[in-house]
Amino acid sequence: MRRSASTGRRISSRRDRITGDSGALTGRELLRRSRVVRFLAKRLPDKRDGHRIRHSQGRLARTLLLLAGQGRREHSDATELRDDPALRLATGDRAGTAPLGKAGHLPSQPTLSRRVAAWSAKEGVEVLREGLQRLAGWRLKAMGGWRRPETLVIDIDSLPVEVHGEQPGSAWNGYYHRRVYHPIVASAGETGDILDLRLREGQVHTADGGLEFVLEVLERAERHLCGKAAVRFDAGYPGEPLMAALEERGTHYVARVRNNAVLKRLALPAMDAVVWDALRNGEPAAGEPRTWVCESSYRAGSWSRSRRVVQVVVERPGELIPRCFWLLTSMPSEEMSGEDLLVLYRKRGKAEGHLGELMSVVAPALSSTSRRKSHYRGKEVAKREKGVDPSACNQVRLLLAGFGYQIMHVQRALLERVTGTGWSLRRLAERVLRTPARFTVSGRRITMTTGGASAHWRMLARGLATLHGPSG
């Protein structure tokens, strides 16, 4: 406490009473209603010595998920915020004022890093993957009147995660002109939900590992999310093994297909028709491109059979030559016309926007090393433990970033429903989740007084209260 000589007023700092992360409490309520922490705590591997345990498996999982959901990229943030009252209340196992006591501080960075290493085994990664998809399924059902969607379109894409160092598995990628990992991502693009993420080395092809990844995502999606799923991807993924597997299981797909000499020859008649139509009708109105679609059948040399392709020709004002691209699909024309197929494919743009938010707002930090632990609680260990697998730990970190995105996305969707306006994740983080607040403890009662955009915080809290149902 300090006294100002000029005014005589006293200035005090109470670290245990003031927070800049009040959104952790709404995140805690979201996790409670979805039961995802209970699912993870029961199934994630935990081989710790019982005499050394200070934090339960559930609290460690809750801490890692809420830190990610607040946009905290590093585990060291837990050490710096160990006395933050909102995070202590949100991550604690006990009710009442107990989390604000002496033993209620957040787990330290070494403790959280050890949990990540413990969960990096194959069984732990599979549990995290299923937990992420369960959280997405809970949101879809909770905000859809607890009705399971009949159909769902899943977008498959890849993205670069830049690293600064020599992390094992990272590499210079000539396409992105950066040193990166190159994970593959599955999302319910039209709803904004992240379903799965798989870490890959930095130089792998876009479709590397896509067959196994897509089939696993589809199996989980049709078990937890919807009755039937379809797949949408870009030109890097179509290949005979993947298309044949999707057709065998009866899963429809739509994708871009790269132009080649054969497709260019097939495109000529439609291009000629477009040119003659343009000569007859003149140029399109300013800002209104004209579009033509044309059905065809095409078989690449590596394919086992011919497949339906839809040629799309786009004429934009001021352009001399119309643009042309091809869509490849397993959907019959009787079920979906070429025009409707184009509309469906163009919704991929929304999925790419959501992935952009994942990278810019949640911003996964992948930086594990294989150093072995030599000390425990300040004392040298008698037997040095085996070093961790950095790639496996980074896979866990990537999935935790997916949980963080999903926690933020649920709250964004609730605010959009309540306010009737659109919300970006960045706006949510800056105006709601990071709303400052003061806590007052009186007996067994804790009162939180918010500042800033407190109205939106209250709207969000009321929106969460409406998510009653089987998983509440």
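This text follows the structure it describes.
Residues numbered from 1 in each chain as written. Predicted model: local features only at pLDDT ≥ 70, side-chain atom pairs only at ≥ 80, totals over all residues. Heavy atoms only, no water.

Quick notes on the pattern of salt bridges
Now for step 1: On inspection of all chains with the given rule, the structure shows 32 salt bridges.
Now for step 2: One salt bridge in this structure joins Asp196 and Arg220, with 3.8 Å as the shortest N-O distance. Here Asp196, found in strand β9 (residues 193–198), pairs with Arg220, found in helix α8 (residues 210–224); they are 24 residues apart in sequence, far enough to count as distant.
Now for step 3: On the accessibility criterion, Arg220 (6% relative accessible area) is buried. (Salt bridge = Lys/Arg side-chain N within 4 Å of Asp/Glu carboxyl O. Helix = DSSP H or I, 4+ residues; strand = E, 2+ residues; numbered from the N terminus. Buried < 20%, exposed > 50% of the residue type's maximum accessible area, 1.4 Å probe, protein only.)

As for the environment of Ala401
Now for step 1: Mapped onto the fold, Ala401 is located in helix α13 (residues 390–419).
Now for step 2: Judged by its relative accessible area of 9%, Ala401 is buried.
Now for step 3: When neighbours within four sequence positions are excluded, Ala401 is seen to be in contact with Leu358, Val362 and Pro364. (Contact = heavy atoms within 4.5 Å.)

Quick word on the sheet that holds strand β5 (residues 161–162)
What links the strands of a sheet is backbone hydrogen bonding, and the strands pair in either a parallel or an antiparallel sense.
Now for step 1: Taken in spatial order, the three strands make up an open sheet running β5-β7-β6, and their pairing is antiparallel. In this open sheet, the two edge strands, each paired with only one partner strand, are β5 and β6 (171–173).
Now for step 2: Sheet topology note: the β5/strand β7 (residues 178–181) ladder contains two bridges and is antiparallel. Its bridge partner lying in β7, Val161 is registered against Tyr181. (Pairing = 2+ DSSP bridges.)

What to know about the packing of aromatic side chains
Now for step 1: A full pass over the atoms with the stated rule returns four aromatic pairs.
Now for step 2: Ring geometry for Phe233 and Tyr253: centres 6.3 Å apart, planes at 15 degrees, overall stacked. Residue Phe233 is located in strand β10 (residues 228–233), and its partner Tyr253 is located in strand β11 (residues 253–257); the two are separated by 20 residues in the primary sequence. Here Phe233 and Tyr253 have matching classes, each one buried.
Now for step 3: Taken together, Phe233, Tyr237 and Tyr253 form an aromatic cluster joined through their ring pairs.
Now for step 4: Its end group placed over the ring of Trp303, Arg307 keeps NZ or CZ at 5.4 Å from the ring centre.
Now for step 5: A cation over an aromatic ring shows up here: Arg427 above the ring of Trp423, its NZ or CZ 3.7 Å from the ring centre. (Phe/Tyr/Trp six-rings, centres within 6.5 Å; stacked < 30°, edge-to-face > 60°. Lys NZ or Arg CZ within 6 Å of the ring centre and 35° of its normal.)

Looking at the side chain of Arg412
Now for step 1: Considering the arrangement of structural elements, one finds Arg412 in helix α13.
Now for step 2: From its side chain, Arg412 meets the backbone oxygen of Trp423 in a polar contact 2.9 Å long. (Polar contact = N/O pair within 3.5 Å; in protein donor to acceptor, adjacent residues only side chain to side chain.)

Thoughts on empty space enclosed by the protein
Unoccupied space between atoms shows up once a probe the size of one water molecule is rolled over them.
Now for step 1: Inspection of the entire model under this criterion finds one cavity of 30 Å³ or more.
Now for step 2: Considered as a void within the structure, the largest cavity measures approximately 180 Å³ in volume.
Now for step 3: Considering the residues around the largest cavity, the lining is formed by 15 residues, among which Ala68, Arg72, Arg73, Arg397 and Leu400 are closest to the centre.
Now for step 4: Those elements that place two or more of their residues in the lining of the largest cavity are α3 (57–69) and α13. (1 Å grid on protein atoms, 1.4 Å probe; cavity = no way out; pocket = protein on both sides within 12 Å on 5 of 7 lines; lining within 4 Å. Points joined across faces, edges and corners; volume = space filled by probe spheres on them.)

Some details on the layout of surface pockets
Now for step 1: Here the second largest pocket is characterised by a volume of approximately 350 Å³.
Now for step 2: Leu25, Arg28, Glu29, Leu89 and Gly96 are the residues nearest the centre of the second largest pocket, which is lined by 14 residues in total.
Now for step 3: For the lining of the second largest pocket, the per-class residue count stands at seven nonpolar, two polar and five charged. (Nonpolar A, V, L, I, M, F, W, Y, C, P; charged D, E, K, R; others polar.)

Structural notes on the side chain of Gln70
Now for step 1: With respect to the helices and strands, the residue Gln70 is situated in the loop between α3 and α4 (76–80).
Now for step 2: For Gln70, a relative accessible area of 3% translates into the label buried.
Now for step 3: Discounting residues that sit within four places of it in the chain, Gln70 has contacts with Asp21, Gly23, Ala24, Leu433 and Arg434.

Here's the deal with α3
Now for step 1: With 13 residues, α3 extends 18 Å between its outermost C-alpha atoms, agreeing within 8% with the 18 Å of an ideal straight helix rising 1.5 Å per residue.
Now for step 2: With 13 of 13 residues buried, α3 is to be regarded as a mostly interior element.
Now for step 3: Positive phi shows up at Gly71, right after α3, with a value of about 80 degrees. (Expected span 1.5 Å × (residues − 1).)

Quick notes on a positive patch on the surface
Now for step 1: The grouping of Arg35, Arg38, Lys42 and Arg43 at the surface amounts to a positive patch.
Now for step 2: Locating Arg43 in the fold gives a position in helix α2 (residues 36–43).
Now for step 3: Relative accessible area serves as the criterion here: at 45%, Arg43 is assigned to the partly exposed category. (Patch = residues over 30% accessible without salt bridge, like charges linked within 9 Å, V, L, I, M, F, W, Y side chains within 5 Å. Areas by Shrake-Rupley, 256 points an atom, 1.4 Å probe, with all protein chains shown as cover. Lys, Arg positive; Asp, Glu negative; His and termini not counted. Charge placed at Lys NZ, Arg CZ, Asp CG, Glu CD.)

Focus: unusual backbone geometry
Now for step 1: Even without a glycine there, the phi angle at Trp146 is positive, about 60 degrees.
Now for step 2: With respect to the helices and strands, the residue Trp146 is situated in the loop between α7 (122–142) and β4 (151–158).
Now for step 3: Positioned with a positive phi, Ala363 is a non-glycine residue whose angle comes to about 50 degrees.
Now for step 4: Within the secondary structure, Ala363 is located in the loop between α12 (348–362) and β15 (375–376).

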